[in-house]
Amino acid sequence: MGRHALTLTLSGFAILCMLAPAQAERLVVSLSNHRVAVTSNFTGEDLVLFGTIEPDRPRAALRDAYDLVVTVTGPRQTLRTRRKERVLGIWVNIDAREFVRVPSYLAILSNRPVGEIAPAETLRRLQVGLDYFLLPQRIGPDTADTVRDDPFRVAFVKLETENGAYRESASAVTFLTPTVFRVAIPLPADTSTGNYAIDVKLFANGDLVARTTSALEVIKAGFEQFVANAAQHYGLLYGIVTSLMALMIGWFGSVVFRRD
Amino acid sequence: MQIYLPIADLPVNIFLVLGMGLAVGFISGMFGIGGGFLMTPLLIFIGISPAVAVASVASHIAASSCTGAITYWRKRALDIPLAMMLLSAGIVGTASGVWLFTLLREVDQLDLVIGLSYVTLLTAVGGLMINESVQAELRAHRGQRSTLRRPGSHNWVHGLPLKVRFKRSKIYVSAIPVWGIGFSIGFIGAILGIGGGFLLVPMLIYFLRVPTATVIGTSMVLTLVTMASATVMHAVTNHLVDALLALILMVGGVIGAQFGARTGQKMRGERLRLLLGLLVFAVGLRFAFELVVQPDDLYSLRLVGKP
């Protein structure tokens with residue numbers, strides 16, 4: 001009985017080994033800073049991710065050329081995209097779509113345009129690039145991503161790109177040597193706080209050959225954190241304190257500038 | 001110097017915001033108004049979302065009207081019983097305003113309602129002020145004396161029941177229009193982020209015949225309390241009051257108001273009203289322009305929630 005089970009396990013393992021893609025590379029990455037603090041003088045920050053492409057086994061051959069795509073996704077949020085139309089001469093929000101649990105920050109960083117790295121089918125399957133990243137919309141009772149040229153999706157990506165929250169850069173990844181790379185990750189000034197996932201994908205000849213992940217955390221620090229936390233969790237107290245502050249400053253003003 | 005605003009979630013130049021506070025404070029001191037109708041649009045213009053702007057300006061107006069109210073209180077130019085009666089309705093108005101504000105935000109029509117209300121209110125009030133002061137100027141030019149307030153002149157408002165006597169203002173009026181005015185000022189203030197001083201003063205003069213000696217002081221007390229309570233209510237329901245932004249605005253506003261008041265005292269009343277009328281009208285036109293002209297981008301985003 002025990003021997004039978006062992007044989008079964010071994011044969012299962014052998015099948016798994018045969019099915020797994022023959023990976024010859026692995027990625028080793030290191031982020032310059034895993035924790036970004038948003039303080040009162042925060043105006044954005046550039047993070048740097050360093051990495052190397054290493055052979056999976058000793059003396060395994062490496063390929064001539066690699067492509068690298070890094071996808072950074074910020075904490076999820078739900079947004080409404082509204083469309084204005086002219087009604088009786090004025091512009092009014094008429095139609096709206098809700099984008100459910102989409103990243104508040106999305107950066108697709110690569111060494112050349114993602115369209116040139118892999119065929120569209122591969123990009124779609126791996127969700128690489130702004131065109132192929134899954135952005136679910138609430139449509140009726142359920143949620144689904146639409147075709148990529150859906151007007152609301154296009155407008156959403158355009159607005160987020162203008163805000164600096166979404167970006168696709170074909171020059172953010174630099175290969176220092178054929179196997180050593182540097183990735184610049186720009187965080188804008190209005191970066192949301194929370195956990196950010198970094199997904200690093202290595203391509204060769206249009207195929208995914210290796211993949212690794214990393215993460216970073218953006219936190220509000222010091223006074224900013226205190227104020228934001230108070231406003232969210234102690235609304236009444238926060239409001240009263242703000243009002244009292246107004247009265248104090250008003251009173252102070254009348255005392256300082258008193259002329260009698 | 002950039003400073004990061006914790007609730008508005010964006011960095012602003014501290015000197016720019018302080019300068020805006022000073023400029024609006026100067027104007028508010030000069031004309032004896034809160035200046036919310038200028039401050040809210042300015043904040044929206046530098047990229048702060050309308051909702052945060054409206055909620056934060058409320059506390060800024062509370063600070064500037066506090067300074068004013070204390071000054072008038074020292075001069076005994078306040079009618080406390082009248083202010084209290086206006087207030088009792090004003091608080092109800094503010095609460096209803098905050099409720100409608102939340103509702104409009106839910107259905108994506110807050111910006112439209114703010115825009116439309118600004119256009120209607122500001123062009124109407126500005127137009128009336130310009131008209132009135134131009135006629136006063138013309139009368140002065142022709143050498144006629146301007147018509148003084150006749151104590152005996154009554155309008156339909158004075159025919160209403162529930163009469164109350166206000167000793168300091170020397171008026172005997174029905175409580176109904178007093179409540180009506182208090183309610184509407186509180187309501188408008190909470191939705192539009194304006195103190196309503198520029199509406200309240202004319203209303204008190206025309207409807208209730210409150211004498212000029214007590215009208216500004218009384219209106220400032222009302223503004224102070226409605227705006228302080230609007231701050232608390234906005235903080236509780238929408239969590240949108242940015243205390244840091246408000247603090248910078250307040251400091252600028254209180255200093256600016258002092259210099260504005262000195263400049264204002266050197267000018268003639270009619271001239272001052274004409275200037276204010278032009279200013280109010282221009283801001284109204286600016287909003288009308290925004291509603292009518294096709295926006296650069298037909299689409300806009302609004303944050304629903306962070307899961």
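Quick caveat, the model's predicted, so the values are computed rather than measured.

What counts, and where the lines are drawn
- Residues numbered from 1 in each chain as written.
- Chains lettered and ligands numbered in written order.
- Predicted model: local features only at pLDDT ≥ 70, side-chain atom pairs only at ≥ 80, totals over all residues.
- Helix = DSSP H or I, 4+ residues; strand = E, 2+ residues; numbered from the N terminus.
- Rg over C-alpha atoms; globule rule 2.2 N^0.38 Å.
- Buried ≥ 20, exposed ≤ 12 C-beta atoms within 10 Å, placed from the backbone.
- Contact = placed C-beta atoms within 7 Å.
- Nonpolar A, V, L, I, M, F, W, Y, C, P; charged D, E, K, R; others polar.
- Pairing = 2+ DSSP bridges.
- Axes fitted to C-alpha atoms, helices over the stretch in contact; angles between N-to-C directions.
- Expected span 1.5 Å × (residues − 1).
- Domains from an automatic or database assignment.
- Core = buried A, V, L, I, M, F, W, Y, C linked by C-beta atoms within 7 Å.

Section: the overall build of chain B
Okay, step 1: Check the secondary structure of chain B and you find 10 helices and five strands.
Okay, step 2: Here the C-alpha radius of gyration of chain B, 19 Å, is about what a compact globule of 307 residues would show, namely 19 Å.
Okay, step 3: If you line up chain B on its principal axes, its C-alpha atoms span 65 × 45 × 40 Å.
Okay, step 4: When each of the 307 residues of chain B is scored for burial, the buried share is 52%.
Okay, step 5: In chain B, the proportion of contacts linking residues at least 24 apart, taken out of those at least 6 apart, comes to 80%.

Digging into the overall build of chain A
Okay, step 1: The number of helices and strands found in chain A is six helices and 14 strands.
Okay, step 2: Within chain A, the proportion of its 260 residues that are buried is 32%.
Okay, step 3: The contacts in chain A between residues at least 6 apart in sequence include a share of 66% that link residues at least 24 apart.

Details of the interface of chain B and chain A
Okay, step 1: At the interface, 48 residues of chain B touch 48 residues of chain A.
Okay, step 2: A class-by-class count of the residues in the side of chain B that touches chain A yields 32 nonpolar, 12 polar and four charged.

Examining the sheet that holds strand β7 (residues 106-110) of chain A
Two modes of strand pairing occur in sheets, parallel and antiparallel, and in both the strands are linked by backbone hydrogen bonds.
All names here are of chain A.
Okay, step 1: One open sheet holds the six strands; their spatial order is β2-β14-β13-β4-β7-β10, and the pairing between them is mixed. The strands lining the two open edges of the sheet, one partner per strand, are β2 (35-38) and β10 (166-169). The sheet shows a mean angle of 15° between the axes of neighbouring strands, taken without regard to direction.
Okay, step 2: Examined bridge by bridge, strand β13 (residues 194-204) and strand β14 (residues 207-220) share 11 bridges and lie antiparallel to one another. Among the inter-strand pairings, Gly194 is bridged to a residue of β14, identified as Val218.

Here's the deal with helix α5 (residues 110-141) of chain B
All names here are of chain B.
Okay, step 1: For α5, which comprises 32 residues, the first-to-last C-alpha distance of 45 Å matches the rise-based estimate of 46 Å (1.5 Å per residue) to within 8%.
Okay, step 2: When α5 is considered as a whole, its buried residues turn out to be Leu110, Asp111, Ile114, Gly115, Tyr118, Val119, Leu121, Leu122, Gly126, Met129 and Ser133.
Okay, step 3: Residues of α5 that are buried in the fold lie against α2 (36-45), α3 (50-74), α4 (80-106), α6 (175-192) and α10 (269-292).
Okay, step 4: Just past α5, the residue Gly143 takes up positive phi, approximately 85°.

Digging into helix α8 (residues 212-237) of chain B
All names here are of chain B.
Okay, step 1: An ideal rise of 1.5 Å per residue puts 38 Å on 26 residues; α8 measures up with 37 Å between its terminal C-alpha atoms.
Okay, step 2: Most of α8 sits out of view: 22 of its 26 residues are buried.
Okay, step 3: Two residues or fewer past α8, His239 is found with a positive phi of approximately 50°.

Regarding the environment of Gly93 of chain B
Residues and elements named next belong to chain B.
Okay, step 1: Note on placement: Gly93 falls in helix α4.
Okay, step 2: Sequence separation of Gly93 and Ala190 is 97 residues, and the distance between their C-alpha atoms is 8.1 Å.
Okay, step 3: Apart from the residues within four sequence positions on either side, Gly93 is in contact with Gly182, Phe183, Ser184, Ile185, Gly186 and Phe187.

Examining the domain arrangement of chain A
Note: interface size is frequently given as the accessible area lost on complex formation between the parts.
All names here are of chain A.
Okay, step 1: Taken domain by domain, chain A consists of domain 1 (21-220) and domain 2 (222-253).
Okay, step 2: Of note, the centres of domain 1 and domain 2, computed from C-alpha atoms alone, are 37 Å apart.
Okay, step 3: Listed per partner, the contact involves four residues of domain 1 and five residues of domain 2.
Okay, step 4: When its residues are assigned to classes, the side of domain 1 that touches domain 2 shows one nonpolar, two polar and one charged.

Points about the nonpolar core
Okay, step 1: Counting 154 residues, the largest nonpolar core has Val70 of chain A together with Ala62, Leu86, Leu224 and Met250 of chain B as the members making the most contacts within it.
Okay, step 2: Per-element accounting of this core gives the leading share, 14 residues, to α3 of chain B.
Okay, step 3: Looking at which domains feed residues into this core, each of domain 1 (21-220) and domain 2 (222-253) of chain A supplies at least three.
Okay, step 4: Setting aside residues up to four positions removed in sequence, Leu86 of chain B forms contacts with Val178, Ile181, Gly182 and Leu222 of chain B.

Focus on the pairing of strand β6 (residues 90-103) of chain A
Residue and element names in this part refer to chain A.
Okay, step 1: For strand β5 (residues 76-87) and β6, the ladder comprises 11 bridges, and the chain directions are antiparallel. Bridge pairing links Thr81 to Arg97 in β6.
Okay, step 2: Hairpin geometry of β5 and β6 is characterised by an intervening segment of two residues between the two adjacent antiparallel strands and by a positive phi of about 50° at Leu88.

Quick notes on unusual backbone geometry
Residues and elements named next belong to chain A.
Okay, step 1: With phi around 50°, Arg101 is a residue other than glycine that occupies positive phi space.
Okay, step 2: As for its position among the elements, Arg101 is in strand β6.
Okay, step 3: At Asn205, a position not held by glycine, the phi torsion is positive, near 50°.
Okay, step 4: Position of Asn205 among the secondary structure elements: in the loop between β13 and β14.
Okay, step 5: According to the C-beta neighbour criterion, Asn205 is exposed, with 12 such atoms within 10 Å.

Observations regarding the pairing of strand β4 (residues 171-174) of chain B
Residue and element names in this part refer to chain B.
Okay, step 1: Here strand β3 (residues 163-166) runs beside β4; their pairing, made up of four bridges, is antiparallel. Within β4, the position partnered with Lys163 by the bridge is Ser174.
Okay, step 2: Remark: four residues form the turn of the hairpin made by β3 and β4, two consecutive strands paired antiparallel; Lys170 in that turn has positive phi of roughly 55°.

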